[in-house]
Every structure is written in structure tokens, then in C-alpha cells.
Amino acid sequence: MKIIDILVNIANNKEVPKRIKYEDKVYVYYEAYGGYYEEGNPGIYNKKFLAHRNEQYSAVLNTEVEITEEDKDIEEVEIVENIGNYYVVKDGKQCQLSKHDTVIIDKVNELVREVNKIKKDLK
């Protein structure tokens, strides 16, 4: 996404990425402050995105930035039981499961929990 596109979205009150990376620095969008600030506390001692630039803004408007959303946990597969049958519901669609499917999903969910735990431990 280009810087100009992000600025247009901010001006038009449209959704913008929460985190972006520009020139090896990560910036977080703070709606209350109306802009991106270096990751950490937004405020008077923190540099606002592009405020520290000595060059013309027009020179950087077409520059691409990397969108770096925060890591989210992997979601477990949810099994719903209804009158003795088991289903997975995803995006409003139901898929009926066999007994074997539920055993496999239980194991997959164990792996998901373990991976999420490892991801948190690595932070």
C-alpha cells in the first residue's frame, strides 16, 4: 500500500492498517491522535509518522509501506453438537462430521493450542 493511499483513507475516515513498516521502523495507528506514531507510546516525545522527514512530502507519497498486522492466535476448530450429530460451522455453513472427524479435530485443536503457546513464549 502506498503512503498516499493511507493518507487518503485517513482523510476520508476509512479503515487503515493498524501497523505499518516504513524505513525499518514500525508505526501504529492511533485513532485518538489521528495518525501513525512509532511503536510505543504516542505522545509529545514520540515521533509522528513522516514528521521527522526533512525532504519534501511529495517525494515519499508514492512510496510503498509494508503492512504488519499484529500476530493473532490460530483459531481452534469449533465442533457443534446437535441431536447426536456433530458439525463444524464456518462462515454460516454447517458441515456434518463423522466420529473419526471429531477425533482428528480434537488432535488438531491440541496442536493449535500448543502452537499458540509457543508463539506467546517466543515474544
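Since the model is a prediction, treat every value here as computed from it, not as a measurement. (Residues numbered from 1 in each chain as written. Predicted model: local features only at pLDDT ≥ 70, side-chain atom pairs only at ≥ 80, totals over all residues. Heavy atoms only, no water.)

Draft legend 1. Just the sheet that holds strand E7 (residues 93–97), in detail. Here we have 3 strands laid out as an open sheet, ordered E5-E6-E7, and antiparallel in their pairing. With partners counted over all chains shown, the strands left at the sheet margins are strand E5 (79–82) and E7, one partner each. Here the average twist between neighbouring strands, direction ignored, is 40°. By the bridge criterion, 4 bridges tie E5 to strand E6 (residues 85–90) in an arrangement that is antiparallel. Its bridge partner lying in E6, Ile-79 is registered against Val-88. Helix H2 (residues 99–122) contacts E5, E6 and E7 of the sheet and is inclined by roughly 110° relative to E7. (Pairing = 2+ DSSP bridges. Helix = DSSP H or I, 4+ residues; strand = E, 2+ residues; numbered from the N terminus. Axes fitted to C-alpha atoms, helices over the stretch in contact; angles between N-to-C directions. Contact = heavy atoms within 4.5 Å.)

Draft legend 2. The arrangement of the sheet that holds strand E4 (residues 66–67) in detail. On the basis of which strands lie adjacent, the open sheet formed by 4 strands has the order E3-E2-E1-E4 and antiparallel pairing. For this open sheet the edge positions go to strand E3 (35–38) and E4, each flanked by a neighbour on one side alone.

Draft legend 3. Seen up close, the nonpolar core. Membership of the largest hydrophobic core is limited to 10 residues, which are Ile-3, Ile-6, Ile-10, Val-16, Ile-20, Tyr-22, Tyr-27, Tyr-36, Val-60 and Val-65. Put simply, the parts of the chain that give this core at least two residues each are helix H1 (3–11) and strand E1 (19–22). For this core, the leading source of residues is H1, giving 3 residues. (Core = buried A, V, L, I, M, F, W, Y, C linked by side-chain atoms within 4.5 Å. Buried < 20%, exposed > 50% of the residue type's maximum accessible area, 1.4 Å probe, protein only.)

Draft legend 4. Representation of unusual backbone geometry within the structure. At Asn-13, a residue that is not glycine, the phi angle is positive and equals roughly 55°. Residue Asn-13 is classed as exposed on the basis of its relative accessible area, which comes to 72%.

Draft legend 5. View of the pattern of salt bridges. Enumeration according to the criterion identifies 4 salt bridges in this entry. Where Lys-25 meets Glu-38, a salt bridge forms, and the shortest distance between an N and an O atom there is 3.8 Å. Residue Lys-25 is located in strand E2 (residues 25–30), and its partner Glu-38 is located in strand E3; the two are separated by 13 residues in the primary sequence. With a closest N to O distance of 3.4 Å, Lys-120 and Asp-73 form a salt bridge. (Salt bridge = Lys/Arg side-chain N within 4 Å of Asp/Glu carboxyl O.)

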